[in-house]
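Secondary and tertiary structure notes
Each chain, letter by letter, is given below.
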Amino acid sequence: MKLIAGNWKMNGAGADLAEVAALRASLDETPAACRVAICPPATLIQRMAAAQTGGPVEIGAQDCRAEASGAYTGDISASMLVDAGATLVILGHSERRQGYGETDLLVSAKAEAALAAGLSPIVCVGETLAQREAGDAVEVVRKQVVNSLPLALAGQAFAVAYEPVWAIGTGLTPTLEQIEEVHRAVRAAMIERLGLAVAAVPILYGGSVKPDNARDILAVPEVGGALVGGASLKAKDFLGIIRAA
Ligand code: G3P
């Protein structure tokens, strides 16, 4: 079953959650043929998780600290996210790799911590435009996958999201052939790292997924779902993508 996950990023201040309520009402009426998740800012996790209890929408976080507790001002541990009601966590998003210098090694440590706390990680990888133009996309992504996935993930529930950095928030997307090429490389790298147990782990595509391109992208071999930014903020758009799955 495909996974359609919304990444709200730093949006939703003052949210009355009416959009999420509308999403749930629609999914209650016509159940989705896929898993649906929303990853709001940390401040909204508790409220949203409480409102979604027993419902079809899983609630996730956008990052966590690798350490379990300690003197890390401003940070949040994986077990704190579980306390708040999260079941998933996005890790290694390019906005964190670029903005906070997060390395594959750190992402791997975070994934291990998330798993230990009972969260299912969504580990993000993706090449920059310069890397794509230099013909290095597949090799860059392969290395990110091998180095960002801790061995502890073998046999566990998790996902990998392929998000080309140049496709995020730009309206640009790779061709369907390019998406397939990288997704096949991600699968091979996962198997190289963790063995055949990962044959069914979903590989999500992320980067300018909209209701009007979702159907084609989700039909690409090895695309196991989508990680959606801007189009996850409005129930109508997000539902368009969910219905395409
Ligand atoms: O994590 C999702 C994201 O980076 C893609 O954003 O706005 O291009 O769908 P967007």
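Here the structure is shown first, and the text comes after it.
Residues numbered from 1 in each chain as written. Predicted model: local features only at pLDDT ≥ 70, side-chain atom pairs only at ≥ 80, totals over all residues. Heavy atoms only, no water.

Attention now goes to the overall build of the chain. Looking only at helices and strands, the chain features 10 helices and eight strands. When burial is assessed residue by residue, the chain has 50% of its 245 residues classed as buried. Pairs at least 24 apart in sequence give 73% of the contacts found in the chain among residues at least 6 apart. Accessible area of the chain: about 10,700 Å², with a carbon and sulfur share of 55%. Computed over 20 positive and 26 negative side-chain charges, the separation of the two mean positions in the chain equals 2 Å. (Helix = DSSP H or I, 4+ residues; strand = E, 2+ residues; numbered from the N terminus. Buried < 20%, exposed > 50% of the residue type's maximum accessible area, 1.4 Å probe, protein only. Contact = heavy atoms within 4.5 Å. Areas by Shrake-Rupley, 256 points an atom, 1.4 Å probe, with all protein chains shown as cover. Lys, Arg positive; Asp, Glu negative; His and termini not counted. Charge placed at Lys NZ, Arg CZ, Asp CG, Glu CD.)

Around the ligand sit 13 residues, and of these His93, Gly169, Ser208, Gly229 and Gly230 come closest. Gly229 places a main-chain nitrogen or oxygen 2.8 Å from an oxygen atom of the ligand. Of all the cavities here, the one that holds the ligand is the second largest pocket. (Near = heavy atom within 4 Å. Polar contact = N/O pair within 3.5 Å; in protein donor to acceptor, adjacent residues only side chain to side chain. 1 Å grid on protein atoms, 1.4 Å probe; cavity = no way out; pocket = protein on both sides within 12 Å on 5 of 7 lines; lining within 4 Å. Sits in = over half its atoms within 2 Å of the grid points.)

Relative to each other, helix α7 (residues 137–148) and helix α8 (residues 176–194) sit at 35°, their axes nearing to 9 Å. Between α7 and α8 lies a crossing of right-handed hand. On α8, the residues touching Val138, Val141, Arg142, Val145 and Val146 of α7 are Glu181, Val182, Ala185, Val186, Ala189, Met190, Glu192 and Arg193. Here the residues of the contact of α7 with α8 sort into nine nonpolar, no polar and four charged. (Axes fitted to C-alpha atoms, helices over the stretch in contact; angles between N-to-C directions. Left-handed = near helix turned anticlockwise from the far one by under 90°. Nonpolar A, V, L, I, M, F, W, Y, C, P; charged D, E, K, R; others polar.)

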